[in-house]
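The lines below spell out each chain.
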Amino acid sequence: MITLTGPESTSAGLPTAPPAPGGAAGGPVPAAPAAASAPVVTAAHTAAGAPAAGRSSRRGLPDEPRLALGWALLAAVAGGLILTAAFPPAGAWPLAPLGPALLVVALQGRSLRASFAVGLLFGLALFVPLLSWLINLAWYAWAALAIAEAVIFALLAVGQRMLLSLRAWPVAVAGWWVAAEALRNRWPYAFPWGRLAMSQAGAPTAPWTAIGGAPLLSFLLALAGGTLAWLLLAPGTAGRLRRRLVPALALAGAVGLALAGGLLPVDQVPAGTPSATIAAVQGSVPHARNLPDLLRATTVTTNHAAATEKLAGQVRAGHRRAPDLVIWPENSTDLDPMEYPPVFGTITAAVQAIDRPVLVGEVLRNPLRNVGQLWTPGRGPGPLYVKRQLVPFGEYIPFRGLLSHITSLVALQPENFTAGRRAVVFHVGPIRLGDVICYEVGFDGLVSSEVKAGANLLTVQTNDATFEVDGQLGESLQQLAMARIRAVESDRAVVVASTTGVSAIIAPDGSLVARTGTWRQAVLESRVPLLHTITLADRVGAGPEYLITTLTVAAFGWAAYGWAMARRRRTRAGTAR
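Analysis parameters
- Residues numbered from 1 in each chain as written.
- Predicted model: local features only at pLDDT ≥ 70, side-chain atom pairs only at ≥ 80, totals over all residues.
- Heavy atoms only, no water.
- Buried < 20%, exposed > 50% of the residue type's maximum accessible area, 1.4 Å probe, protein only.
- Helix = DSSP H or I, 4+ residues; strand = E, 2+ residues; numbered from the N terminus.
- Pairing = 2+ DSSP bridges.
- Salt bridge = Lys/Arg side-chain N within 4 Å of Asp/Glu carboxyl O.
- Axes fitted to C-alpha atoms, helices over the stretch in contact; angles between N-to-C directions.
- Parallel < 35°, antiparallel > 145°, perpendicular 65-115°, else oblique.
- Left-handed = near helix turned anticlockwise from the far one by under 90°.
- Contact = heavy atoms within 4.5 Å.
- Nonpolar A, V, L, I, M, F, W, Y, C, P; charged D, E, K, R; others polar.
- Phe/Tyr/Trp six-rings, centres within 6.5 Å; stacked < 30°, edge-to-face > 60°.

Asks: I keep staring at the pairing of strand β12 (residues 522-529) and nothing clicks. Help me out?
Replies: Remark: a regular strand shows side chains that alternate across the two faces of the sheet. Buried residues dominate β12, accounting for 7 of its 8 residues. Examined bridge by bridge, strand β1 (residues 275-282) and β12 share 8 bridges and lie antiparallel to one another. Its bridge partner being in β12, valine 281 is matched across the sheet by valine 523.

Asks: Would you mind going over the pairing of strand β11 (residues 512-515) with me for this structure?
Replies: Relative to β11, strand β10 (residues 504-506) is paired through 3 bridges, and the arrangement is antiparallel. Each bridged residue has a counterpart across the sheet, and for isoleucine 506 the counterpart in β11 is leucine 512. The turn linking β10 back onto β11 is made up of 5 residues, and glycine 510 within it adopts a positive phi angle of 90 degrees.

Asks: Help me understand the pattern of salt bridges in this model?
Replies: Side chains that differ in charge, positive against negative, can pair when their charged atoms come close. Here the structure, examined in full by the defined rule, presents 10 salt bridges. Arginine 186 is the salt-bridge partner of glutamate 545, the closest N and O atoms lying 2.7 Å from each other. Pair noted here: glutamate 545 is in helix α15 (residues 543-576) and arginine 186 is in the loop between α5 (169-184) and α6 (209-233), with a separation of 359 residues, a long-range link. For glutamate 545, a relative accessible area of 5% puts it in the buried group. In this structure arginine 186 comes out as partly exposed when scored by relative accessible area, which is 44%. Across the pair arginine 486 and aspartate 444 runs a salt bridge, and its minimum N-O distance is 2.8 Å. Of this pair, arginine 486 sits in helix α13 (residues 474-490) while aspartate 444 sits in helix α12 (residues 444-452), and the two are 42 residues apart along the sequence. Using a relative accessible area of 2% as the deciding quantity, one classes arginine 486 as buried. Via salt bridges that share partners, Glu181, Arg195, Asp444, Arg486 and Glu489 belong to a single interconnected network.

Asks: What exactly am I supposed to notice about the packing of helix α2 (residues 98-107) against helix α4 (residues 139-163) here?
Replies: The geometry of a pair of packed helices is captured by two quantities: the angle between their axes and the separation between those axes. Close contact between α2 and α4 brings their axes to 10 Å; oriented N to C, the two are set at 70 degrees. Between α2 and α4, the crossing angle belongs to the class labelled roughly perpendicular. As α2 runs across α4, the sense of the crossing is right-handed. Within the contact between the two elements, α2 uses Leu103, Val104 and Leu107 and α4 uses Phe153, Ala157, Gln160 and Arg161. Each residue belonging to the contact of α2 with α4 can be placed in one class, and the counts come to 5 nonpolar, 1 polar and 1 charged.

Asks: I'm lost on the packing of α4 against α5 in this one. Help?
Replies: It is at 10 Å that the axes of α4 and α5 come closest, and there the two elements cross at 155 degrees. For the element pair α4 / α5, the angle class is roughly antiparallel. α5 is crossed by α4, and the crossing has right-handed handedness. Counted together, Glu149, Ile152, Phe153, Leu156, Ala157, Gly159, Gln160 and Leu163 of α4 and Trp169, Ala172, Val173, Trp176, Trp177, Ala180, Leu183 and Arg184 of α5 form the full contact between these two elements.

Asks: Honestly, the environment of phenylalanine 87 in this entry has me stumped. Any pointers?
Replies: In this fold, phenylalanine 87 is placed in the loop between α1 (69-86) and α2. Residues phenylalanine 87 and methionine 198, spaced 111 residues apart in sequence, show a C-alpha to C-alpha distance of 7.4 Å. Among residues more than four places away in sequence, those in contact with phenylalanine 87 are Leu130, Gly194, Arg195, Leu196, Met198 and Ser199.

Asks: Hey, could you run me through the packing of aromatic side chains in this one?
Replies: Each aromatic ring pair is characterised by the separation of its centres together with the angle its planes make. Following the criterion strictly, the structure yields 13 aromatic pairs and no others. Geometrically, the ring pair formed by phenylalanine 122 and phenylalanine 153 is stacked, given 5.2 Å between the ring centres and 5 degrees between the ring planes. Of this pair, phenylalanine 122 sits in helix α3 (residues 112-130) while phenylalanine 153 is found in helix α4, placing the two residues 31 residues apart along the sequence. Relative accessible area serves as the criterion here: at 0%, phenylalanine 122 is assigned to the buried category. Grouped by ring-pair contacts, the aromatic residues Trp133, Phe191, Trp193, Tyr439, Phe443 and Phe467 constitute a single cluster.

Asks: Even after reading the chapter, I still don't get the sheet that holds strand β7 (residues 431-437), so can you show me in this structure?
Replies: Within a sheet, each strand pairs with its neighbour through backbone hydrogen bonds, oriented either parallel or antiparallel. Overall, mixed pairing links the 6 strands, which are arranged β6-β7-β8-β9-β10-β11 in an open sheet. Two strands bound the open sheet, and with one partner strand each, they are β6 (425-428) and β11. Strand-to-strand twist across the sheet, computed as the mean angle between neighbouring axes with direction ignored, equals 20 degrees. By the bridge criterion, 5 bridges tie β7 to strand β8 (residues 457-462) in an arrangement that is parallel. What sits directly across from isoleucine 437, in β8, is glutamine 461. Strand contacts of α12: β6, β7 and β8, with the helix running at about 165 degrees to β7, the strand carrying the most contacts. Here α13 sits on the sheet in contact with β8, β9 (494-498), β10 and β11, set at roughly 25 degrees to β10.

Printed below as a string of structure tokens:
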């Protein structure tokens, strides 16, 4: 049984006790005996800065918690797990607002220390399963990243608790999610997984990203969650049902606004739009349990060359259309073709066979770089794009000097990769191709910068083999969902080329034109539009995120000031007594 406490609440499952004579005038009301098994709110719950029990906020939610701490912690765990299910591989996108709603319910009336505990459990319930694919790299990598993200989330959740004292707290909570995601995207290691907007691939809410980017969509989803929490926490006793009308209408409005994204006139391909035939080659890699065998460099390159040469034979036989451009995935070769003549010869032979430009994912040396390089028939290697957003602990070791004194694990990446500094657009006939590599698809500014530089087609080169060894598809499908959101956000077709899958061709409206399975060799080919329109989201860039974050920080400052004044008044009142 869940025990609800406070002047306007009753224990769940128990009838409301009728008021005693004189109760309406302020006389005592006999209390019904509490069930022995029900959790109760104790004085400990008001420690560490919480308002005194029994008081109600004049502006935001009541200061006294509606749930006993044990049930609040369970609600936090449930919220994190439900939010995880909104993301692939489950992909139940309608569940996304329920996570923010349950977090509010769990935080309502909590002390700051208890709010940290609530946020920590929510964060663990979200990030441990969401990032479970990392166990294929190393169990400690999974544990370290999930725990670090959960701790950051818990610290930020204390801030959300303070925002609940504001009159417009549902809006403040929606802003909090945008601000929290903005922080995690940049600090301490720039990790964009778990953003609300990225759970909405294929949903009617997704077109909002073409208006205000992923931050706007996250805001709308969190607003729906906040208004749901408002409805859940509204008084429900007889005679007060009218007080539930306003939050019910607010919830209907927030949900309707989010779903109205499906009515927006975005991502439409005008008649007469030029197009091009694109081929994505998934060469596959050895399905091995250990990393050296899995990434056997010469085998990977040979597989992609063989698949391309097979495509060339089908084109000559008239069974497939000749592509205008061929795209190989990230790490098509981990051996620098400039230093290994056999690798150079293998790629050159494949390019000559297909007789079309091929974008090859390479690891180049001196300096060490992760790149996409365009090879053309008769010319060989040409312009290249250097990955700008490197993977922490995968392509570089943060604080290497400090960590080297603590652990020998820094030896797993003995040399940091060198990051690129600019967007690059590859020119192939009418095609203006913008490239982002794997992890980079999660960062708003990187994708937008390619479009602003003139790209009329986008590609995501990726290597997911490491994370799929045990059959998990979480990382591949989560990254594919991000690519689908980017297609809608920028009104561009997106080609995802992966070593092992999932490779895909995505239409500008985010729908899947074609996709592969995993651990198999495959070639996807489709004709895609080459659009030059610039969406409002790409025009305004990070503006919505900065605006919402700034207003949320200001709201937090106001809430913190109110908390400080309330504590000072309580201290003075205690001294006077």
